[in-house]
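# Residue-level structural notes
Okay, here's what each chain looks like letter by letter:
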Amino acid sequence: MVHAIDATGLRKRFGRTDVLDGLDLTVAAGTVFALLGPNGAGKTTTINILTTLVRPDEGSARVAGYDVVADADQVKQRIALTGQSAAVDEVLTANENLVMLGRLSGLSRRDASARAEELAERFGLSDAANRRVGTYSGGMRRRLDLALSLVVDVPVIFLDEPTTGLDTRSRQELWSLIRSLADAGTTVFLTTQYLEEADRLADRIAVLDGGRIAAEGTADELKARIGGDVVELRSHDGGLLRELPTDGSVHGLRAAIDELDRTPAAAAEGVQVTIRRPSLDDVFLAITAGDGTSDRTARDLIESK
């Protein structure tokens, strides 16, 4: 299998904080790879290293076949990066933004204009291409930002939380565009805090915790590691009081229900027990476990697999 990204033993410290502590990952060419993790887990630092913006303290990484430190210029020519905030000039029109970047990237005036028209059409901006970007909605700016990343064709694109702050419709529109990039052969490496986004888009998902990859696989593989079902205790109005993952066996379900029955809230009138399949949220909470009983139980299940 051809790897578009290959990183081994990446370490990065800022002050006294070890942000990355021996991170290893590989990303197959032409796929969507999602990196999940709580705030401060090192997602943006990982992207900054892979895009040559930050040098690792230890370890190595290759992107599109080139070392991110020794061959930084070669890497830069083969990647595009869209950060957490749309990097567009609001005074210019979308067309002017696209043409300007095309010219800065070495395209002739004719080629830059043709590329701008092509990208405006591809990203649904043709009708607004001659409007000032300052009049655009958040979703339109994000689409333009992604279009700017593709003025020059590159094999690998990095998206750092690309849909943060967008409404549901705008997120779904951007998901469709991102999926189309991978379908056309582009490798997409994205970080996100929206677990549904990773579930819908990613061919493979990695969860970053403690500066390392704590778990990796397809969405279905990660969910399977949680167990067969999640047992929930809900109030009379449907509010979630407590939940416990199980291993899917009859014994596991009975043990979870007995545990919930010992919860003080279980004695309240109208309280109900429900059972559901595990979600990516369960995986995330289990791997990046806090102090909750259900989180510790879920993590024990994962580590026992």
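Our subject is the structure that appears above.
A brief look at the structure comes next. None of these values were measured; they are calculated from a predicted model.

Next up on the list: the packing of helix α3 (residues 94-104) against helix α4 (residues 109-122). Between two packed helices, both the angle of their axes relative to each other and the distance between the axes serve to describe the pair. Direction vectors running N to C along α3 and α4 enclose 135°, while the axes themselves pass 8 Å from each other. If you check the angle between α3 and α4, you find them oblique. The chirality of how α3 crosses α4 is right-handed. Residues N95, L98, V99, G102 and R103 of α3 lie in contact with α4, whose contacting residues are R109, A112, S113, A116, L119 and A120. Looking at the contact of α3 with α4, its residues break down into six nonpolar, three polar and two charged.

Along the chain, the position of I213 falls in strand β10 (residues 212-217). A sequence separation of 190 residues divides I213 from L23, and the C-alpha atoms of the two residues are 6.2 Å apart. Discounting residues that sit within four places of it in the chain, I213 has contacts with L23, D24, L35, A206, V207 and L208.

On to the pairing of strand β11 (residues 230-234). Buried residues dominate β11, accounting for four of its five residues. Relative to strand β12 (residues 240-245), β11 is paired through five bridges, and the arrangement is antiparallel. Note on β12: the bridge partner recorded for R234 is L240.

The buried fraction of helix α1 (residues 43-50) is high, at six of eight residues. All buried positions along α1 are accounted for by K43, T45, T46, I47, I49 and L50.

The next subject is the sheet that holds strand β13 (residues 272-276). Across the sheet, which stays open at both edges, the three strands sit in the order β12-β11-β13 with antiparallel pairing between neighbours. Edge positions in the sheet fall to β12 and β13, since each has one partner strand and no second. Ignoring strand direction, the axes of neighbouring strands in this sheet form an average angle of 20°. This element, helix α9 (residues 250-261), spans β11, β12 and β13 of the sheet and lies at about 25° to β11.

We now examine the pattern of salt bridges. Using the criterion set out here, one finds 19 salt bridges in the structure. Its salt-bridge partner being E173, residue R143 comes within 3.9 Å of it at the nearest N-O pair. One end of the pair, R143, is in helix α5 (residues 138-149); the other, E173, is in helix α6 (residues 168-183), with 30 residues separating them in the sequence. The class of R143 is buried, set by a relative accessible area of 14%. Note that E196 and R200 form a salt bridge whose closest N and O atoms lie 3.6 Å from each other. Taken together, the residues E196 and R200, both in helix α7 (residues 195-201) and four residues apart, mark about one turn of the helix. Owing to a relative accessible area of 45%, E196 belongs among the partly exposed residues under this scheme.

Once that is clear, we can look at the packing of aromatic side chains. The tally for this structure, following the rule as stated, stands at two aromatic pairs. Centre to centre, the rings of F33 and F189 are 5.4 Å apart; their planes meet at 25°, and the pair counts as stacked. Remark: F189 occurs in strand β8 (residues 187-191) and F33 occurs in strand β3 (residues 32-36); sequence separation between them is 156 residues. Comparing F33 with F189 shows no difference in burial state: the two are buried. The structure contains a cluster of three or more aromatic residues connected by ring pairs, namely F33, F158 and F189. Above the ring of Y194, the side-chain terminus of R171 is found at 4.4 Å from the ring centroid.

Membership of the largest hydrophobic core comes to 50 residues, with the highest contact counts inside it found for L144, L146 and I205. At six residues, α6 tops the list of elements feeding residues into this core. Among the nonpolar cores identified, the runner-up in size contains 26 residues, and L10, I47, V156 and F189 belong to it.

Calculation rules
Residues numbered from 1 in each chain as written. Predicted model: local features only at pLDDT ≥ 70, side-chain atom pairs only at ≥ 80, totals over all residues. Heavy atoms only, no water. Axes fitted to C-alpha atoms, helices over the stretch in contact; angles between N-to-C directions. Helix = DSSP H or I, 4+ residues; strand = E, 2+ residues; numbered from the N terminus. Parallel < 35°, antiparallel > 145°, perpendicular 65-115°, else oblique. Left-handed = near helix turned anticlockwise from the far one by under 90°. Contact = heavy atoms within 4.5 Å. Nonpolar A, V, L, I, M, F, W, Y, C, P; charged D, E, K, R; others polar. Buried < 20%, exposed > 50% of the residue type's maximum accessible area, 1.4 Å probe, protein only. Pairing = 2+ DSSP bridges. Salt bridge = Lys/Arg side-chain N within 4 Å of Asp/Glu carboxyl O. Phe/Tyr/Trp six-rings, centres within 6.5 Å; stacked < 30°, edge-to-face > 60°. Lys NZ or Arg CZ within 6 Å of the ring centre and 35° of its normal. Core = buried A, V, L, I, M, F, W, Y, C linked by side-chain atoms within 4.5 Å.

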